[in-house]
Every structure is written in structure tokens, then in C-alpha cells.
Amino acid sequence: MFELFAVGLEMQKRMIDAQMRGVEAARDMVEAAQRQVEGNIAAAQTNEAGLSAMKKWMSLWGMRS
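Let me sum up the structure you'll find in this document. (Residues numbered from 1 in each chain as written. Predicted model: local features only at pLDDT ≥ 70, side-chain atom pairs only at ≥ 80, totals over all residues. Heavy atoms only, no water.)

**Some thoughts on the overall build of the protein chain**
Secondary structure summary: the protein chain contains one helix and zero strands in total. In terms of overall dimensions, the protein chain is more spread out than a globule: its C-alpha atoms have a radius of gyration of 28 Å, far above the 11 Å expected for 65 residues. Projected onto its principal axes, the C-alpha coordinates of the protein chain cover approximately 90 × 10 × 5 Å. Here the protein chain holds 65 residues, and the buried ones make up 2% of them. (Helix = DSSP H or I, 4+ residues; strand = E, 2+ residues; numbered from the N terminus. Rg over C-alpha atoms; globule rule 2.2 N^0.38 Å. Buried < 20%, exposed > 50% of the residue type's maximum accessible area, 1.4 Å probe, protein only.)

Have a look at this one:
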């Protein structure tokens, strides 16, 4: 009887460990997605700055944009 109880507890422990690994993996994926969004925002800001600089340069030389 006690052996079955011990086996059941061990199985529950292993399931909890597996679920925790899944939670940790999901957390890592969310963090990676957040970093990717931050990188995309920075890239968009860089593109806007470059476009603005090019428009100013074209304006300086009398070109229409």
C-alpha cells in the first residue's frame, strides 16, 4: 500500500517537474518575443530617421520628394 502511495507521489513529482520545464520554456519564448519587438521598434525608428535625413538632403539640393 505504501509502495503504491510512494510511486504515485513520485509520478506526481515528475509531472510537476515536466510542467515547470514547459512553463520556463514558455517564459523564455515570451522574453525572446519581447526582445524581438524592441529590436523591430528600434529598426523602425532608425528607418524613419534615415528617411527624414534623405528628405532634408534632397530638399537642400532642390530636389522634390
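**A word on the packing of aromatic side chains**
Any aromatic ring pair is given by two values, namely how distant the centres are and how the planes are angled relative to each other. With the rule as written, the count across this model stands at one aromatic pair. Ring centres of W57 and W61 lie 6.3 Å apart, and the angle between their planes is 55°; this geometry places the pair in the tilted category. (Phe/Tyr/Trp six-rings, centres within 6.5 Å; stacked < 30°, edge-to-face > 60°.)

**Quick word on the pattern of salt bridges**
Counted according to the given criterion, the structure contains two salt bridges. Between R14 and E10 there is a salt bridge, with the nearest N and O atoms lying 3.1 Å from each other. In this pair, R14 and E10 both sit in helix α1 (residues 2–60), four residues apart, roughly one turn of the helix. Using a relative accessible area of 56% as the deciding quantity, one classes R14 as exposed. Look at E10 and you get partly exposed, because its relative accessible area is 35%. One salt bridge connects K13 with D17, and the closest N-O pair in it is separated by 3.3 Å. (Salt bridge = Lys/Arg side-chain N within 4 Å of Asp/Glu carboxyl O.)

**What about a nonpolar patch on the surface?**
A cluster of nonpolar residues, W57, L60, W61 and M63, forms a patch on the protein surface that exposes about 530 Å² of accessible area. Considering the arrangement of structural elements, one finds W57 in helix α1. (Patch = residues over 30% accessible without salt bridge, like charges linked within 9 Å, V, L, I, M, F, W, Y side chains within 5 Å. Areas by Shrake-Rupley, 256 points an atom, 1.4 Å probe, with all protein chains shown as cover.)

**A look at α1**
Every α-helix winds through 3.6 residues per turn, so residues three or four apart in the chain are directed the same way. Between its first and last C-alpha, α1 extends 87 Å over 59 residues, near the 87 Å set by a 1.5 Å rise per residue. Of the residues one or two after α1, G62 is the one with positive phi, at around 80°. (Expected span 1.5 Å × (residues − 1).)

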